[in-house]
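Observations on the three-dimensional arrangement
Okay, here's what each chain looks like letter by letter:
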Amino acid sequence: MNPGKNILEAVQLISHAKYLVAFTGAGISVESGIPPFRGEDGIWSRYDPGILEISRYFSSPEETWPVINDLFYQFFSSAKPNPAHHFLAYLEKIGILKSLITQNIDNLHQEAGNKKVIEYHGNSNWLVCTKCGERLKVTDEIIRNSVPKCKNDGALLKPDFVFFGEPIPDRAATKANVEAIRSDVFLVIGTTGEVMPASMVPKMAKNSGSRIIEINIEETVYSNSLTDLFLKGKAGEVCRELLEEMKSLN
Ligand code: NAD
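Below, the structure is looked at part by part.

Rules of the game
- Residues numbered from 1 in each chain as written.
- Predicted model: local features only at pLDDT ≥ 70, side-chain atom pairs only at ≥ 80, totals over all residues.
- Heavy atoms only, no water.
- Core = buried A, V, L, I, M, F, W, Y, C linked by side-chain atoms within 4.5 Å.
- Buried < 20%, exposed > 50% of the residue type's maximum accessible area, 1.4 Å probe, protein only.
- Helix = DSSP H or I, 4+ residues; strand = E, 2+ residues; numbered from the N terminus.
- Contact = heavy atoms within 4.5 Å.
- Expected span 1.5 Å × (residues − 1).
- Arc of directions from axis to C-beta.
- Near = heavy atom within 4 Å.
- Polar contact = N/O pair within 3.5 Å; in protein donor to acceptor, adjacent residues only side chain to side chain.
- Areas by Shrake-Rupley, 256 points an atom, 1.4 Å probe, with all protein chains shown as cover.
- Nonpolar A, V, L, I, M, F, W, Y, C, P; charged D, E, K, R; others polar.

**A closer look at the nonpolar core**
- Among the nonpolar cores identified, the biggest contains 29 residues, and I14, L20, L88, L91, L187, I213 and L242 are the most heavily contacted of them.
- Every element with two or more residues in this core is listed here: α1 (3-15), β1 (20-24), α4 (83-93), β2 (97-102), β7 (185-189), β8 (211-216), β9 (229-232) and α9 (235-249).
- With residues near it in sequence (within four places) discarded, L242 still touches I7, A10, V11, F87, I215 and L231.
- In this structure, I51, F72, F76 and C150 belong to the second largest nonpolar core, which totals 28 residues.

So, in C-alpha coordinates, the structure goes:
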(Lines give C-alpha, C1' and ligand atoms only; values in the text may rest on other atoms or scores of the structure.)
Protein backbone atom coordinates (compact mmCIF):
# COMPACT_ATOMS: atom_id res chain seq x y z
CA MET A 1 0.00 0.00 0.00
CA ASN A 2 1.29 3.44 -0.90
CA PRO A 3 0.25 5.88 1.86
CA GLY A 4 0.98 8.89 -0.35
CA LYS A 5 -1.46 7.61 -2.95
CA ASN A 6 -4.11 6.95 -0.32
CA ILE A 7 -3.75 10.46 1.08
CA LEU A 8 -4.25 11.92 -2.39
CA GLU A 9 -7.26 9.70 -3.01
CA ALA A 10 -8.77 10.64 0.38
CA VAL A 11 -8.28 14.34 -0.33
CA GLN A 12 -10.07 13.92 -3.66
CA LEU A 13 -13.00 12.13 -2.01
CA ILE A 14 -13.24 14.64 0.83
CA SER A 15 -12.93 17.73 -1.38
CA HIS A 16 -15.60 16.53 -3.80
CA ALA A 17 -17.98 15.18 -1.15
CA LYS A 18 -21.51 16.56 -1.33
CA TYR A 19 -22.34 15.41 2.19
CA LEU A 20 -19.32 14.46 4.29
CA VAL A 21 -20.02 13.03 7.74
CA ALA A 22 -17.36 12.02 10.29
CA PHE A 23 -17.60 9.35 12.97
CA THR A 24 -15.01 9.36 15.74
CA GLY A 25 -13.99 7.13 18.64
CA ALA A 26 -11.54 7.18 21.51
CA GLY A 27 -8.54 6.84 19.14
CA ILE A 28 -8.87 10.41 17.90
CA SER A 29 -8.18 11.71 21.41
CA VAL A 30 -5.19 9.48 22.17
CA GLU A 31 -2.72 12.10 20.89
CA SER A 32 -4.43 14.58 23.23
CA GLY A 33 -3.33 12.35 26.10
CA ILE A 34 -6.63 10.50 26.74
CA PRO A 35 -6.21 6.71 26.58
CA PRO A 36 -8.85 4.55 24.86
CA PHE A 37 -10.81 1.95 26.83
CA ARG A 38 -9.46 -1.08 24.98
CA GLY A 39 -5.97 -2.20 24.01
CA GLU A 40 -2.66 -2.65 25.80
CA ASP A 41 -2.55 0.75 27.53
CA GLY A 42 -6.31 1.18 27.53
CA ILE A 43 -8.27 2.30 30.58
CA TRP A 44 -9.65 -1.23 31.08
CA SER A 45 -6.15 -2.59 31.53
CA ARG A 46 -6.03 -0.59 34.79
CA TYR A 47 -9.65 -0.24 35.89
CA ASP A 48 -12.62 -2.54 36.28
CA PRO A 49 -15.17 -1.71 33.52
CA GLY A 50 -17.85 -2.44 36.16
CA ILE A 51 -17.39 1.08 37.56
CA LEU A 52 -19.36 2.31 34.57
CA GLU A 53 -22.35 0.00 35.16
CA ILE A 54 -25.33 2.23 35.81
CA SER A 55 -26.76 -0.09 38.51
CA ARG A 56 -23.46 0.07 40.40
CA TYR A 57 -23.35 3.86 40.19
CA PHE A 58 -26.81 4.07 41.75
CA SER A 59 -26.21 1.40 44.39
CA SER A 60 -22.73 2.50 45.49
CA PRO A 61 -21.76 5.96 44.24
CA GLU A 62 -19.28 6.35 47.13
CA GLU A 63 -17.26 3.50 45.58
CA THR A 64 -17.60 4.41 41.89
CA TRP A 65 -17.55 8.23 41.95
CA PRO A 66 -13.89 8.63 43.08
CA VAL A 67 -12.73 6.47 40.15
CA ILE A 68 -15.04 8.24 37.67
CA ASN A 69 -13.85 11.59 39.02
CA ASP A 70 -10.22 10.57 38.60
CA LEU A 71 -10.69 9.17 35.11
CA PHE A 72 -13.06 11.60 33.49
CA TYR A 73 -12.63 14.85 35.38
CA GLN A 74 -9.10 15.17 36.79
CA PHE A 75 -7.57 13.51 33.76
CA PHE A 76 -9.72 14.82 30.88
CA SER A 77 -9.56 18.42 32.10
CA SER A 78 -5.96 18.94 30.98
CA ALA A 79 -6.50 17.49 27.47
CA LYS A 80 -6.47 19.80 24.45
CA PRO A 81 -7.63 19.17 20.86
CA ASN A 82 -4.95 17.73 18.55
CA PRO A 83 -4.47 18.17 14.75
CA ALA A 84 -7.17 15.56 14.00
CA HIS A 85 -9.79 17.54 15.95
CA HIS A 86 -8.59 20.74 14.26
CA PHE A 87 -8.82 19.14 10.81
CA LEU A 88 -12.49 18.25 11.39
CA ALA A 89 -13.17 21.78 12.65
CA TYR A 90 -11.55 23.16 9.47
CA LEU A 91 -13.68 20.88 7.27
CA GLU A 92 -16.84 22.12 8.99
CA LYS A 93 -15.73 25.74 8.70
CA ILE A 94 -15.19 25.49 4.94
CA GLY A 95 -18.61 23.84 4.57
CA ILE A 96 -17.54 20.33 3.55
CA LEU A 97 -18.24 18.48 6.81
CA LYS A 98 -21.99 18.47 7.40
CA SER A 99 -21.97 16.69 10.75
CA LEU A 100 -19.74 14.88 13.18
CA ILE A 101 -20.94 11.88 15.14
CA THR A 102 -18.71 11.19 18.12
CA GLN A 103 -18.65 8.36 20.62
CA ASN A 104 -16.33 10.46 22.76
CA ILE A 105 -17.43 12.29 25.85
CA ASP A 106 -14.39 14.55 26.20
CA ASN A 107 -15.78 17.70 24.50
CA LEU A 108 -12.60 18.08 22.41
CA HIS A 109 -14.46 18.43 19.10
CA GLN A 110 -16.42 21.37 20.47
CA GLU A 111 -13.23 22.87 21.89
CA ALA A 112 -11.64 22.62 18.45
CA GLY A 113 -14.59 24.58 17.00
CA ASN A 114 -17.02 21.99 15.61
CA LYS A 115 -20.65 23.01 16.14
CA LYS A 116 -22.50 20.24 14.31
CA VAL A 117 -21.58 17.54 16.81
CA ILE A 118 -23.85 14.60 17.58
CA GLU A 119 -22.85 13.27 21.00
CA TYR A 120 -23.76 9.61 20.74
CA HIS A 121 -22.62 8.78 24.27
CA GLY A 122 -23.22 12.16 25.93
CA ASN A 123 -20.69 14.60 27.35
CA SER A 124 -18.68 14.46 30.57
CA ASN A 125 -18.83 18.25 30.99
CA TRP A 126 -22.37 18.00 32.29
CA LEU A 127 -24.06 16.31 35.24
CA VAL A 128 -27.76 15.56 35.49
CA CYS A 129 -29.84 15.35 38.68
CA THR A 130 -31.33 11.90 39.19
CA LYS A 131 -34.38 13.48 40.89
CA CYS A 132 -35.27 16.86 39.33
CA GLY A 133 -33.52 16.23 35.99
CA GLU A 134 -31.68 19.57 35.99
CA ARG A 135 -28.51 19.57 33.86
CA LEU A 136 -25.56 21.24 35.56
CA LYS A 137 -22.19 22.22 34.14
CA VAL A 138 -19.36 20.50 35.99
CA THR A 139 -17.62 22.73 38.53
CA ASP A 140 -14.67 22.04 40.83
CA GLU A 141 -16.97 22.57 43.79
CA ILE A 142 -19.42 19.85 42.69
CA ILE A 143 -16.87 17.20 41.79
CA ARG A 144 -14.75 17.76 44.89
CA ASN A 145 -17.47 16.07 47.03
CA SER A 146 -17.37 12.40 47.96
CA VAL A 147 -20.41 12.03 45.69
CA PRO A 148 -21.82 14.85 43.54
CA LYS A 149 -25.13 16.25 44.83
CA CYS A 150 -27.78 18.51 43.26
CA LYS A 151 -27.82 22.01 44.75
CA ASN A 152 -31.66 22.10 44.50
CA ASP A 153 -32.69 18.89 46.23
CA GLY A 154 -29.50 17.15 47.43
CA ALA A 155 -30.14 14.15 45.16
CA LEU A 156 -27.33 12.25 43.44
CA LEU A 157 -25.98 13.77 40.21
CA LYS A 158 -25.02 11.47 37.36
CA PRO A 159 -22.44 12.36 34.71
CA ASP A 160 -24.40 13.10 31.52
CA PHE A 161 -22.76 10.35 29.53
CA VAL A 162 -24.04 6.89 28.73
CA PHE A 163 -23.14 4.26 31.34
CA PHE A 164 -23.16 0.53 30.59
CA GLY A 165 -26.77 -0.58 30.87
CA GLU A 166 -28.19 2.78 29.77
CA PRO A 167 -29.85 3.42 26.41
CA ILE A 168 -28.43 5.82 23.81
CA PRO A 169 -30.30 9.16 23.93
CA ASP A 170 -33.08 8.90 21.30
CA ARG A 171 -32.32 12.21 19.62
CA ALA A 172 -28.63 11.44 19.17
CA ALA A 173 -29.25 7.91 17.90
CA THR A 174 -31.87 9.04 15.38
CA LYS A 175 -29.83 12.00 14.17
CA ALA A 176 -26.71 9.84 13.77
CA ASN A 177 -28.62 7.31 11.65
CA VAL A 178 -30.16 10.03 9.50
CA GLU A 179 -26.81 11.71 8.89
CA ALA A 180 -25.10 8.40 8.09
CA ILE A 181 -27.77 7.57 5.52
CA ARG A 182 -27.52 11.07 4.02
CA SER A 183 -23.74 11.00 3.65
CA ASP A 184 -21.95 10.30 0.39
CA VAL A 185 -18.50 10.17 2.04
CA PHE A 186 -18.11 8.89 5.60
CA LEU A 187 -14.88 9.39 7.55
CA VAL A 188 -14.31 6.91 10.40
CA ILE A 189 -11.50 7.86 12.82
CA GLY A 190 -10.07 5.93 15.77
CA THR A 191 -12.75 3.43 16.66
CA THR A 192 -12.67 -0.34 17.09
CA GLY A 193 -16.24 -0.67 15.83
CA GLU A 194 -16.93 -3.01 18.72
CA VAL A 195 -19.23 -0.82 20.80
CA MET A 196 -22.90 -1.47 20.09
CA PRO A 197 -25.11 0.15 18.87
CA ALA A 198 -22.69 2.90 17.76
CA SER A 199 -20.84 0.38 15.58
CA MET A 200 -23.95 0.09 13.37
CA VAL A 201 -23.73 3.73 12.24
CA PRO A 202 -20.92 3.27 9.66
CA LYS A 203 -22.80 0.20 8.36
CA MET A 204 -25.82 2.39 7.67
CA ALA A 205 -23.62 4.81 5.75
CA LYS A 206 -22.14 1.98 3.69
CA ASN A 207 -25.54 0.42 2.99
CA SER A 208 -26.72 3.78 1.66
CA GLY A 209 -23.89 3.91 -0.84
CA SER A 210 -21.46 6.13 1.05
CA ARG A 211 -17.71 5.80 0.43
CA ILE A 212 -15.95 4.93 3.68
CA ILE A 213 -12.54 6.38 4.57
CA GLU A 214 -11.03 4.94 7.75
CA ILE A 215 -8.10 6.26 9.81
CA ASN A 216 -6.66 4.00 12.50
CA ILE A 217 -3.29 2.79 13.75
CA GLU A 218 -4.44 -0.77 13.05
CA GLU A 219 -7.09 -2.61 11.09
CA THR A 220 -10.52 -2.95 12.69
CA VAL A 221 -13.70 -4.93 12.08
CA TYR A 222 -14.58 -2.32 9.45
CA SER A 223 -11.31 -2.42 7.51
CA ASN A 224 -12.00 -5.50 5.42
CA SER A 225 -15.77 -5.25 5.34
CA LEU A 226 -16.87 -1.62 4.98
CA THR A 227 -13.79 0.48 4.37
CA ASP A 228 -13.06 1.71 0.84
CA LEU A 229 -9.88 3.57 1.73
CA PHE A 230 -7.79 2.76 4.80
CA LEU A 231 -5.28 5.34 6.04
CA LYS A 232 -3.00 3.63 8.52
CA GLY A 233 -1.47 5.86 11.17
CA LYS A 234 -2.10 8.11 14.12
CA ALA A 235 -5.16 10.29 13.59
CA GLY A 236 -3.31 13.54 14.29
CA GLU A 237 -0.47 12.72 11.90
CA VAL A 238 -2.70 11.47 9.08
CA CYS A 239 -5.04 14.46 9.44
CA ARG A 240 -2.10 16.87 9.36
CA GLU A 241 -1.07 15.33 6.01
CA LEU A 242 -4.64 15.53 4.70
CA LEU A 243 -4.89 19.18 5.72
CA GLU A 244 -1.58 20.09 4.09
CA GLU A 245 -2.59 18.36 0.88
CA MET A 246 -6.03 20.02 0.85
CA LYS A 247 -4.54 23.45 1.41
CA SER A 248 -1.97 22.92 -1.33
CA LEU A 249 -4.82 22.34 -3.80
CA ASN A 250 -6.40 25.75 -3.08
P1 NAD B 1 -11.84 1.88 21.78
O2 NAD B 1 -11.16 2.20 23.03
O3 NAD B 1 -12.65 0.66 21.68
O4 NAD B 1 -10.84 1.86 20.53
C5 NAD B 1 -9.98 2.86 20.22
C6 NAD B 1 -9.54 2.74 18.75
O7 NAD B 1 -8.64 3.79 18.47
C8 NAD B 1 -8.81 1.44 18.38
O9 NAD B 1 -9.32 0.94 17.17
C10 NAD B 1 -7.34 1.86 18.23
O11 NAD B 1 -6.63 1.08 17.28
C12 NAD B 1 -7.53 3.28 17.76
N13 NAD B 1 -6.41 4.18 18.04
C14 NAD B 1 -5.62 4.24 19.14
N15 NAD B 1 -4.75 5.26 19.04
C16 NAD B 1 -5.02 5.87 17.87
C17 NAD B 1 -4.48 7.01 17.22
N18 NAD B 1 -3.48 7.75 17.75
N19 NAD B 1 -5.00 7.37 16.02
C20 NAD B 1 -6.01 6.66 15.45
N21 NAD B 1 -6.56 5.57 16.03
C22 NAD B 1 -6.08 5.19 17.21
O23 NAD B 1 -12.69 3.11 21.50
P24 NAD B 1 -14.08 3.23 20.89
O25 NAD B 1 -14.25 2.21 19.82
O26 NAD B 1 -14.22 4.62 20.57
O27 NAD B 1 -15.12 2.78 22.05
C28 NAD B 1 -15.00 2.96 23.39
C29 NAD B 1 -16.06 3.83 24.01
O30 NAD B 1 -15.44 4.38 25.14
C31 NAD B 1 -16.46 5.03 23.21
O32 NAD B 1 -17.72 4.85 22.77
C33 NAD B 1 -16.43 6.23 24.16
O34 NAD B 1 -17.71 6.54 24.63
C35 NAD B 1 -15.68 5.75 25.33
N36 NAD B 1 -14.40 6.46 25.54
C37 NAD B 1 -14.30 7.79 25.28
C38 NAD B 1 -13.11 8.43 25.46
C39 NAD B 1 -13.04 9.90 25.15
O40 NAD B 1 -14.04 10.59 25.28
N41 NAD B 1 -11.88 10.38 24.72
C42 NAD B 1 -11.99 7.73 25.91
C43 NAD B 1 -12.13 6.36 26.19
C44 NAD B 1 -13.35 5.74 25.98
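Further notes follow.
**A short note on α9**
- Helix length check: α9 (15 residues) gives 21 Å between terminal C-alpha atoms against 21 Å at 1.5 Å per residue, within 8%.
- Residues A235, G236, V238, C239, L242 and M246 constitute the buried set of α9. Along the axis of α9, the buried residues cluster in a sector spanning 160 degrees; they form a single face. More than 90 degrees from the buried face of α9, the exposed residues found are E244 and S248.

**Regarding the site of the ligand**
- Taken together, 27 residues are adjacent to the ligand, and A26, F37, Q103, D106 and N216 come closest.
- In the model, a nitrogen atom of the ligand is placed 2.7 Å from a nitrogen or oxygen of the D106 side chain.
- Protein contact buries 95% of the 850 Å² of open area that the ligand shows by itself.
- The residue inventory of the shell around the ligand, partitioned by class, reads eleven nonpolar, eleven polar and five charged.

Keep in mind these numbers describe shape, not what the thing actually does.
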